[in-house]
Amino acid sequence: MRWLQSIFAPLKKMWIRLNSAHKKSRGIYILYEDIKSCPYEDVHVMWSILVESSTPKE
């Protein structure tokens, strides 16, 4: 049974990394719908600043 664990352990680690990377890539965009529905202009300005600062520079 040790060989079975040696096969599945790396696959489990890879699955955890891929799954957590997907969550990290979503980042601040989880809040997008809440921000979009907010009536305050300053919240929208702060959102645009946050989005611009989080986008990767080329």
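Everything below is about the structure printed above this text.
Residues numbered from 1 in each chain as written. Predicted model: local features only at pLDDT ≥ 70, side-chain atom pairs only at ≥ 80, totals over all residues. Heavy atoms only, no water.

**A closer look at the overall build of the chain**
Helix and strand counts for the chain stand at 3 helices and 0 strands. For the chain, the N- to C-terminal ordering of α and β elements is α-α-α. Counting over 58 residues, the chain shows a buried share of 7%. For the chain, the exposed area adds up to about 5,700 Å²; of that, 66% sits on carbon and sulfur atoms. (Helix = DSSP H or I, 4+ residues; strand = E, 2+ residues; numbered from the N terminus. Buried < 20%, exposed > 50% of the residue type's maximum accessible area, 1.4 Å probe, protein only. Areas by Shrake-Rupley, 256 points an atom, 1.4 Å probe, with all protein chains shown as cover.)

**Thoughts on the pattern of salt bridges**
Side-chain pairs of opposite charge can arise where the charged atoms are in close proximity. Per the stated rule, a full pass over the model turns up 1 salt bridge. Notably, a salt bridge pairs E33 with K36, separated by 3.5 Å at the nearest N-O pair. Of the two residues, E33 and K36 both sit in helix 2 (residues 32–37), 3 residues apart, roughly one turn of that helix. With a relative accessible area of 48%, K36 lands in the partly exposed category. (Salt bridge = Lys/Arg side-chain N within 4 Å of Asp/Glu carboxyl O.)

**What to know about the packing of aromatic side chains**
A full pass over the atoms with the stated rule returns 1 aromatic pair. Considering the side-chain rings of Y32 and W47, the 6.3 Å spacing of their centres and the 45° angle between planes classify their relative orientation as tilted. Of this pair, Y32 sits in helix 2 while W47 sits in helix 3 (residues 41–54); the two residues are 15 residues apart in sequence, bridging distant segments of the chain. (Phe/Tyr/Trp six-rings, centres within 6.5 Å; stacked < 30°, edge-to-face > 60°.)

**Observations concerning the environment of R2**
Within the secondary structure, R2 sits in helix 1 (residues 2–26). Take R2: its relative accessible area is 67%, and that puts it in the exposed class. At 3.2 Å, the side chain of R2 forms a polar contact with the side chain of Q5. (Polar contact = N/O pair within 3.5 Å; in protein donor to acceptor, adjacent residues only side chain to side chain.)

**Notes on a nonpolar patch on the surface**
A cluster of nonpolar residues, M1, W3, L4, I7, F8, L11, M14 and L18, forms a patch on the protein surface that exposes about 890 Å² of accessible area. Relative to the helices and strands, L11 resides in helix 1. Judged by relative accessible area, L11 falls into the partly exposed class, the value being 45%. (Patch = residues over 30% accessible without salt bridge, like charges linked within 9 Å, V, L, I, M, F, W, Y side chains within 5 Å.)

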